[in-house]
Amino acid sequence: MASIRDVAKRAGVSVATVSYVLNGTRNVSAEVREAVLKAVQEVHYVPNVVAKSLRERRTKTLGCIVPDISNPFFAALIKAFEWAARQEGYRVIVGNAEENEQVEEDLMYNLLARKVEGIALVPTKNSPSYLDRFRGRVPIVIVDRLTIGDMFDTVGAQNEEGAYQATTFLLEQGHRRILFLASDLSLLNIQERLAGYQRAHTQKELPLEPALVVECGRVTRAQTQEKVTRALKALKPTAVIAATNRLTLVALGAARHLGLTIPGDLSLVGFDDFEWSSLLDPPLTVVAQPVEAMGQEAFRVLLERITYGEVSPQPFNVRLPCTLVVRGSTLPRASSEGRREEVSQK
């Protein structure tokens with residue numbers, strides 16, 4: 001295995017000069033820099049990152065834990081966070097908590113053992129009980145599923161405003177029976193989306209029907225679709241707001257099962273905007289969360305804490321705006337009164 005001395009010999013410079021080039025600690029001429037980098041490639045030199053981190057007492061490594069890596073929202077969040085970290089020379093270790101608080105806690109301890117310099121965490125629950133034990137040990141930023149209290153820096157979307165815009169849009173299209181599909185109402189971000197739905201009704205001085213809020217819970221997709229199918233059949237909404245991207249797909253499946261067309265019989269607004277949202281027939285109207293900005297901002301907050309420590313005694317609380325993207329899955333109520341009676345007989 002090639003050493004830094006092999007690089008220096010090949011480039012015709014000192015070992016110190018090679019170190020300056022690779023670490024960027026001093027300016028060298030363009031000619032010398034090019035010679036060193038060429039020598040690195042020719043001898044296949046790989047720097048010993050572990051030894052370097054021991055010398056500097058820094059690992060330039062961060063952790064990022066999400067509840068479910070198969071969820072496209074969290075995959076996009078990781079991608080944005082990792083991209084931002086890479087621009088500053090950091091590596092990222094990703095953990096998948098599988099929506100399990102014990103797995104999440106184990107991952108946190110594992111990351112500490114690996115001497116990460118900061119952790120971006122999307123928790124499985126609001127304010128996990130174990131988090132107190134990690135305060136002050138390493139910078140932590142809570143992302144998306146925000147915690148209750150002011151112990152940690154947070155980065156999230158303006159969930160309430162996003163849901164408010166979606167509900168107002170449907171109400172102004174004449175819809176009065178709007179089904180709100182929630183995943184887990186114990187999560188703060190879902191509570192905020194429900195609050196936006198409720199606020200839109202209140203501001204229009206329209207009654208809220210509790211039955212039109214359906215919490216699906218953390219169950220299998222088949223169980224969720226069965227619950228949504230029953231709700232569509234029994235409640236006869238003219239529009240649906242799905243509070244997560246997966247519930248959007250479930251709503252599409254339930255409508256198809258009942259023979260409902262979208263938007264002919266049922267208008268649908270989803271949360272999150274991915275490539276498939278615009279490729280479906282019809283293309284989906286969605287509340288687009290700023291997932292890329294959230295991932296990058298989470299890194300920025302961590303970098304601020306790593307670089308300057310407790311520069312601010314108060315936690316950073318970043319809230320980024322959502323955008324209502326209107327496509328073809330919504331129509332005014334007069335155009336979507338289709339076959340409600342026919343469906344109720346199925």
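J.: I'm lost on the sheet that holds strand 9 (residues 267–271) in this one. Help?
T.: Strands in a sheet are paired, the pairing made by backbone hydrogen bonds, and the direction either parallel or antiparallel. Judged by pairing direction, the sheet is mixed, and its 6 strands sit side by side in the order 7-6-8-9-10-12 without closing on themselves. Every other strand in the sheet has two partners, leaving strand 7 (213–215) and strand 12 (323–325) as the edge strands with one partner each. Sheet twist, expressed as the mean angle between neighbouring strand axes with direction ignored, is 20°. Where strand 6 (residues 178–182) lies against strand 7, 3 bridges are found, and the strand directions are parallel. Paired with Leu181 across the two strands is Val214, which belongs to strand 7. Its contacts with the sheet put helix 8 (residues 188–203) on strand 6, strand 7, strand 8 (239–242) and strand 9, and the angle it makes with strand 6 is roughly 170°.

J.: What am I meant to see in the confidence of the model for the protein here?
T.: Detailed reading of the predicted coordinates is not advisable wherever pLDDT falls low. With 92% of its residues at a pLDDT of 70 or more, the protein shows a mean pLDDT of 90. Segment residues 341–346 is flagged for pLDDT under 50; beyond a separation of four residues in sequence, or across chains, it makes 8 contacts in the model.

J.: Before we go on, may I ask you to explain the nonpolar core in this structure?
T.: Core analysis: the biggest nonpolar cluster contains 72 residues, and Phe81 and Leu179 have the highest contact counts within it. Ranked by residues supplied to this core, first place goes to helix 5 (residues 72–87) with 7 residues. Setting aside residues no more than four positions away along its own chain, Leu179 makes contact with Leu212, Val214, Ala231, Leu232, Leu235, Pro237, Ala239, Val240 and Ile241. Residues Ile65, Leu112, Ile119 and Ile142 belong to the second largest nonpolar core, which totals 15 residues.

J.: Before we go on, may I ask you to explain helix 2 (residues 15–23) in this structure?
T.: Since the α-helix advances by 3.6 residues per turn, residues separated by three or four positions end up pointing in the same direction. Burial in helix 2 covers these residues: Thr17, Val18 and Val21. In a view along the axis of helix 2, the buried residues occupy a sector of 100°, so they form one face of it. Count one or two residues on from helix 2 and you reach Gly24, which has phi positive near 65°.

J.: Sorry, what's going on with the side chain of Thr285 here?
T.: Take Thr285: it is sitting in strand 10 (residues 285–288). Within the structure, the side chain of Thr285 is placed 3.1 Å from the side chain of Thr330, a separation counted as a polar contact. If we skip the residues at most four places from it in the chain, Thr285 touches Leu268, Val269, Gly270, Leu324, Val325, Val326, Arg327, Gly328, Ser329 and Thr330.

J.: It is not clear to me how the packing of helix 9 (residues 221–235) against helix 10 (residues 245–257) should be interpreted in this structure. Could you clarify?
T.: Think of two packed helices as two axes; the pair is described by the angle between the axes and how far apart they sit. The N-to-C vectors of helix 9 and helix 10 enclose an angle of 55°; their axes lie 9 Å apart at closest approach. Between helix 9 and helix 10, the angle is such that the two are oblique. Crossing of helix 9 over helix 10 shows right-handed handedness. Contacts from Arg221, Thr224, Gln225, Val228, Thr229 and Leu232 in helix 9 reach Leu247, Leu249, Val250, Ala251, Gly253, Ala254, Ala255 and His257 in helix 10. Residues that form the contact of helix 9 with helix 10 fall into these classes: 8 nonpolar, 5 polar and 1 charged.

J.: For this particular structure, what's the right way to read the pairing of strand 6?
T.: Look at any regular strand and the pattern is simple: side chains alternate between the two faces of the sheet. Burial analysis of strand 6 places 5 of its 5 residues in the buried class, the great majority of the element. A two-sided burial pattern is seen for strand 6, the buried positions comprising Ile178, Phe180 and Ala182 on one face and Leu179 and Leu181 on the other. Across 4 bridges, the pairing between strand 6 and strand 8 is parallel. Counted as the bridge partner of Leu179 is Val240 from strand 8. For the segment spanning strand 6, helix 8 and strand 7, crossover handedness is right-handed.

J.: When you look at the packing of aromatic side chains in this model, what are you seeing that I'm missing?
T.: Aromatic ring pairs are defined here through the distance separating the ring centres and the angle between the ring planes. With the rule as written, the count across this model stands at 7 aromatic pairs. Here the aromatic rings of Phe81 and Phe299 are separated by 6.2 Å at their centres, their planes lie at 75°, and the arrangement is edge-to-face. Here Phe299 lies in helix 12 (residues 291–308) and Phe81 lies in helix 5, a separation of 218 residues in the sequence. Here the aromatic rings of Tyr90 and Phe299 are separated by 5.9 Å at their centres, their planes lie at 65°, and the arrangement is edge-to-face. Placement of the pair is Tyr90 in the loop between helix 5 and strand 2 (91–96) and Phe299 in helix 12, with a sequence separation of 209 residues. This pair shows no difference in class: Tyr90 is buried, exactly as Phe299 is. An aromatic cluster is present here, built from Phe81, Tyr90 and Phe299 joined pairwise through their rings. Here Arg137 stacks its cationic end above the ring of Phe134, 5.8 Å away from the centre of that ring. Between the NZ or CZ atom of Arg193 and the centre of the ring of Phe271, over which it lies, the distance is 4.2 Å.

J.: What is the right way to look at the state of the cysteines in this model?
T.: Two cysteines, two sulfur atoms, one covalent bond between them: this is a disulfide. Considering all chains together, one arrives at 0 disulfides under this definition. In this structure Cys64 is a free cysteine whose sulfur lies 19 Å from that of Cys322, the closest cysteine sulfur available. There is no disulfide at Cys216, and the cysteine sulfur nearest it, in Cys322, is 20 Å away. Overall, the relative accessible area of 4% leaves Cys216 in the buried class.

What counts as what
Residues numbered from 1 in each chain as written. Predicted model: local features only at pLDDT ≥ 70, side-chain atom pairs only at ≥ 80, totals over all residues. Heavy atoms only, no water. Pairing = 2+ DSSP bridges. Helix = DSSP H or I, 4+ residues; strand = E, 2+ residues; numbered from the N terminus. Axes fitted to C-alpha atoms, helices over the stretch in contact; angles between N-to-C directions. Contact = heavy atoms within 4.5 Å. pLDDT = per-residue confidence, 0-100. Core = buried A, V, L, I, M, F, W, Y, C linked by side-chain atoms within 4.5 Å. Buried < 20%, exposed > 50% of the residue type's maximum accessible area, 1.4 Å probe, protein only. Arc of directions from axis to C-beta. Polar contact = N/O pair within 3.5 Å; in protein donor to acceptor, adjacent residues only side chain to side chain. Parallel < 35°, antiparallel > 145°, perpendicular 65-115°, else oblique. Left-handed = near helix turned anticlockwise from the far one by under 90°. Nonpolar A, V, L, I, M, F, W, Y, C, P; charged D, E, K, R; others polar. Right-handed = clockwise from strand over helix to strand, strands pointing away. Phe/Tyr/Trp six-rings, centres within 6.5 Å; stacked < 30°, edge-to-face > 60°. Lys NZ or Arg CZ within 6 Å of the ring centre and 35° of its normal. Disulfide = S-S within 2.5 Å.

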